[in-house]
Amino acid sequence: MKIRRDFNWGGSSGEWTTIEFQYAKFINLGTGKHTKQNVLALGFLTIDTPSWETTTGDDGQKTVSGAPPYYEGARLGGLYRMRGYRQHRFHDKSAIYYTAEYRFIPNRTPLSRLDEVGGFNFRWWQFAAFAEVGRVAPDWSLSELHEDMKWDVGIGMRTLVKRSVLRLDVGFSPEGVALWFMFGQAF
């Protein structure tokens, strides 16, 4: 559980608070005929912004106060959550997110002759298939957060190079295809 707070000190954009809970579970599925390792990775995230207040003026104009900057808070889409969408595609006061990845390391690595290239030491190659669902909403409500959820599916390839995981994911969503190249696992 994480609680993040900006006290509006030093000229920040305003005072805000978020409460986030994230959980991951990794289930070892053992080895297979053609694999050294098979893992089912499950992830969950929920976040709320209790400082977020929306008021409507006499002219009908809505004003939001206590919201974190756009790149913070309850957001889905991009490198880590909802990889079939552009970065921070969905943003609101609250969010919920579920993911499942099947990850496997084959017995034989692709491009095995590249194990030593330019001083890089490719320790292992890993492939993944993933599915994600999530939603942002103006209030933290289990029923509302589970209505009309967005989804995506995808595939990925990872390799361990000099103690860092290099990741390439391709996500497919109703809005199109997104390609992500990054260091580290998605979760």
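Residues numbered from 1 in each chain as written. Predicted model: local features only at pLDDT ≥ 70, side-chain atom pairs only at ≥ 80, totals over all residues. Heavy atoms only, no water.

Chemist: How would you sum up the overall build of the chain? Please name residues and give values.
Modeler: A tally of helices and strands in the chain yields one helix and 13 strands. Order of helices (α) and strands (β) in the chain, N terminus to C terminus: β-β-β-β-β-β-β-β-β-β-α-β-β-β. Judged by the C-alpha coordinates and their principal axes, the chain covers about 70 × 40 × 30 Å. Burial statistics for the chain: of 187 residues in total, 39% are counted as buried. Put simply, the chain shows about 10900 Å² of open surface, and 58% of that area lies on carbon and sulfur atoms. Across the chain, the mean location of the 23 positive side-chain charges is 14 Å away from that of the 20 negative side-chain charges. (Helix = DSSP H or I, 4+ residues; strand = E, 2+ residues; numbered from the N terminus. Buried < 20%, exposed > 50% of the residue type's maximum accessible area, 1.4 Å probe, protein only. Areas by Shrake-Rupley, 256 points an atom, 1.4 Å probe, with all protein chains shown as cover. Lys, Arg positive; Asp, Glu negative; His and termini not counted. Charge placed at Lys NZ, Arg CZ, Asp CG, Glu CD.)

Chemist: Describe the pairing of strand S3 (residues 35-48), listing the residues and the values that go with them.
Modeler: Of the pairings in the sheet, the one linking strand S2 (residues 16-28) to S3 comprises ten bridges and is antiparallel in character. Pairing of Ile19 across the sheet is with Asp48, part of S3. Turn length for the S2-S3 hairpin, with the two strands adjacent in sequence and antiparallel, is six residues, and the turn residue Gly30 shows positive phi of about 80 degrees. With 13 bridges joining them, S3 and strand S8 (residues 94-106) adopt antiparallel strand pairing. The residue of S8 that forms the bridge with Leu40 is Tyr102. (Pairing = 2+ DSSP bridges.)

Chemist: Account for the packing of aromatic side chains, with residues named and values stated.
Modeler: Considering all chains together, one arrives at six aromatic pairs under this definition. Consider the rings of Phe21 and Phe44, whose centres lie 6.2 Å apart with planes at 55 degrees: the pair is tilted. One end of the pair, Phe21, is in strand S2; the other, Phe44, is in strand S3, with 23 residues separating them in the sequence. By relative accessible area, which is 21% here, Phe44 ends up partly exposed. Chaining the aromatic ring pairs together yields one cluster made of Phe21, Phe44 and Tyr98. Over the ring of Phe130 we find Arg83, and its NZ or CZ is 3.7 Å from the ring centre. Its end group placed over the ring of Phe187, Arg103 keeps NZ or CZ at 5.0 Å from the ring centre. (Phe/Tyr/Trp six-rings, centres within 6.5 Å; stacked < 30°, edge-to-face > 60°. Lys NZ or Arg CZ within 6 Å of the ring centre and 35° of its normal.)

Chemist: I'd like a rundown of a nonpolar patch on the surface, residues and numbers included.
Modeler: On the surface, Tyr98, Val133, Trp151, Val153, Ile155, Phe172 and Val177 cluster together into a nonpolar patch covering about 600 Å² of accessible area. Of all the elements, strand S11 (residues 150-161) adds the most residues to the nonpolar patch, at three residues. In this structure, Val177 sits in strand S13 (residues 176-183). Accessibility expressed as a relative area gives 58% for Val177, which makes it exposed. (Patch = residues over 30% accessible without salt bridge, like charges linked within 9 Å, V, L, I, M, F, W, Y side chains within 5 Å. Salt bridge = Lys/Arg side-chain N within 4 Å of Asp/Glu carboxyl O.)

Chemist: Explain the side chain of Arg81 residue by residue, including any values.
Modeler: Following the sequence through the fold, Arg81 ends up in the loop between strand S6 (74-76) and strand S7 (90-92). Despite its burial, Arg81 remains without a salt bridge, the nearest opposite charge being carried by Glu20 at 4.0 Å. Setting aside chain neighbours within four positions, we find Arg81 in contact with Glu20, Gln22, Leu45, Arg75, Leu76, Tyr97 and Glu132. (Contact = heavy atoms within 4.5 Å.)

Chemist: Describe the side chain of Thr17, with residues and values.
Modeler: For Thr17, the location among the structural elements is in strand S2. With relative accessibility at 13%, the residue Thr17 sits in the buried group. Side chain to side chain, Thr17 and Arg5 meet in a polar contact 2.5 Å long. Once you skip the residues sitting within four places of it in the chain, Thr17 turns out to touch Ile3, Arg4, Arg5, Asp48, Thr49, Pro50 and Ser51. (Polar contact = N/O pair within 3.5 Å; in protein donor to acceptor, adjacent residues only side chain to side chain.)

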